[in-house]
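# Geometric and topological summary
One letter stands for each residue in the lines below.
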Amino acid sequence: MAILVYVENIEGKFKKSAFEVVSYAKAIANEQGTDVTALSIGNVADEELNKLAGFGASKILKVDQDQLNQFINKAYAAVIAAAAASEQADLIILSNSFSGKGLAPRLAAKLEAGLADGAMELPTFSGSDLQVKKTAFSNKAFATEVITATKKVIAVNPNSHEPVRDEASATIETLTPSLDAADLNIVIKDIVRATDKISLPEAEIVVSAGRGLKGPENWAIIEELAEVLGAATACSKPVSDAGWRPHSEHVGQTGIVVSPNLYIAIGISGAIQHLAGVSSSKTIVVINKDPEAPFFKVADYGIVGDALEIVPKLTAAIQAH
Ligand code: FAD
């Protein structure tokens, strides 16, 4: 079974999720006695492409047509489908990232493949059937899905599979798929980056705050804690609804789903709609003045007290180390 992995880059540099999905594919390849081909779309230098070999890719396909430098869902799905055909790949793996969420179902439909999106573990095989555990219902539940179709697409949740070094040497080949005009009928003219901060869906540490912070004037303590931890900042829905923070930081059922190694929830009650976005975090720390706050039920560590006093002390203690 040939395996193709689509790896995402931002302005020519691979995202962490690129190494995660290559590692994920390599673990499957080792078990199945096959190799991993990675597919990169857009202008990426060979030096950067070679980094994929360090995580187990033995062949790297680059598609570097200029018109594909910006992500276009339809065109990227067409390119991945063309690469899957040229590699005769039956298993296609990508990240369940912001763009992967739109790409995976389109690709699966195009290939008439079975799709498991939101995979959180390595799959198991029974003959040619593949079984994988995934998140379901806006992260409120887990489901185990079996894909019986010959072609299979897996979209792996960011941060659910640590990249593992696996030094190999890889060949780099250029693929030039022919694209229909219809695949390129959406043209992105310009992207203006709103912030240089760490990307929330992929952050390894998230410092998140809720209405318990009382108002936007108190967010400096959240920013400072995030700064010393190298974390992304996030918030609950009422906070972004009130305009205290941008909507891009809103986490939960109706916002962004995160799965960091560490989620610090400050002054957030822990409503089910919020927990839907954070339940696959590896470690959850809750700071809340109410010992009965529901968030404590899912916390690994909890501090009961006033966030406005505790957070600056926590920041100072971390800085001191
Ligand atoms: P609150 O519920 O007001 O809680 C504030 C918390 O801060 C309390 O636990 C309090 O004890 C604590 N606190 C107060 N002062 C301090 C202090 N000084 N120090 C420490 N702690 C303090 N919410 C989301 O977040 N994300 C979603 O995606 C989302 N989607 C929704 C979808 C639907 C359809 C609906 C109906 C609701 C949705 N909500 C969502 C809203 C959700 O139900 C909650 O209302 C919301 O999460 C509560 O936000 P909060 O915890 O910041 O505020």
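Residues numbered from 1 in each chain as written. Predicted model: local features only at pLDDT ≥ 70, side-chain atom pairs only at ≥ 80, totals over all residues. Heavy atoms only, no water.

## A short note on the packing of helix H5 (residues 220–229) against helix H8 (residues 307–319)
Each pair of packed helices can be summarised by the angle the axes make with each other and by the distance between the axes. Rule in force here: Here the axes come from fitting lines to C-alpha atoms, over the contacting stretch only for helices, and the angles between their N-to-C directions go from 0 to 180 degrees. A run of H or I in DSSP becomes a helix once it reaches four residues, and a run of E becomes a strand once it reaches two; helices and strands are each numbered from the N terminus. If an angle is under 35 degrees, it is roughly parallel; if it is over 145, roughly antiparallel; if it lies from 65 to 115, roughly perpendicular; otherwise it is oblique. Each crossing gets its hand from how the near helix is turned against the far one by less than a right angle, where anticlockwise is left-handed and clockwise is right-handed. In this analysis, two residues are considered to be in contact whenever any of their non-hydrogen atoms come within 4.5 Å of each other. Following the grouping adopted for this structure description, the nonpolar residues are Ala, Val, Leu, Ile, Met, Phe, Trp, Tyr, Cys and Pro, the charged ones are Asp, Glu, Lys and Arg, and the polar ones are all others, Gly among them.
At a minimum axis distance of 9 Å, the contact between H5 and H8 shows a crossing angle of 25°. Viewed along their axes, H5 and H8 adopt a mutual orientation that is roughly parallel. Here H5 and H8 pass one another in a crossing that is left-handed. The segment H5 lies against H8, with Ile221, Glu224, Leu225, Val228 and Leu229 engaging Ala307, Leu308, Val311, Pro312, Leu314, Thr315, Ile318 and Gln319. Grouping the amino acids of the contact of H5 with H8 by side-chain chemistry returns 10 nonpolar, two polar and one charged.

## So, the site of the ligand
Short version of the rule: Here a residue is considered near a molecule or strand provided that any single heavy atom belonging to it is located within 4 Å of it. Residues adjacent in sequence count toward polar contacts only when both atoms are side-chain atoms; beyond that, a polar contact is any pair of N or O atoms within 3.5 Å, and within protein one must be able to donate a hydrogen and the other to accept it. Note that accessible areas follow from Shrake-Rupley with a 1.4 Å probe, and for residues the cover is restricted to the protein chains shown. With a 1 Å grid laid over protein atoms only, a set of points is called a cavity when a 1.4 Å probe fits there but cannot get out and a pocket when it is open yet has protein on both sides within 12 Å along at least five of seven lines; lining residues have an atom within 4 Å of a point. Cavity and pocket membership follows a simple rule, namely that a molecule belongs there if more than half of its atoms are within 2 Å of the grid points.
With respect to spatial proximity, 25 residues lie near the ligand, and among them Arg211, Ser236, Thr254, Ser269 and Asn288 are the closest. In this structure, an oxygen atom belonging to the ligand sits 3.0 Å away from a main-chain N or O atom of Gln253. Between a nitrogen atom of the ligand and a main-chain N or O atom of Ala307, the distance comes to 2.8 Å. The protein chains hide 76% of the 980 Å² of surface that the ligand would expose on its own. Because more than half of its atoms lie within 2 Å of the grid, the ligand is assigned to the second largest pocket. The set of elements that each furnish at least two residues to the shell around the ligand consists of helix H6 (237–241) and helix H7 (272–275). By residue class, the composition of the shell around the ligand is five nonpolar, 14 polar and six charged.

This is a description of form; function is not addressed.
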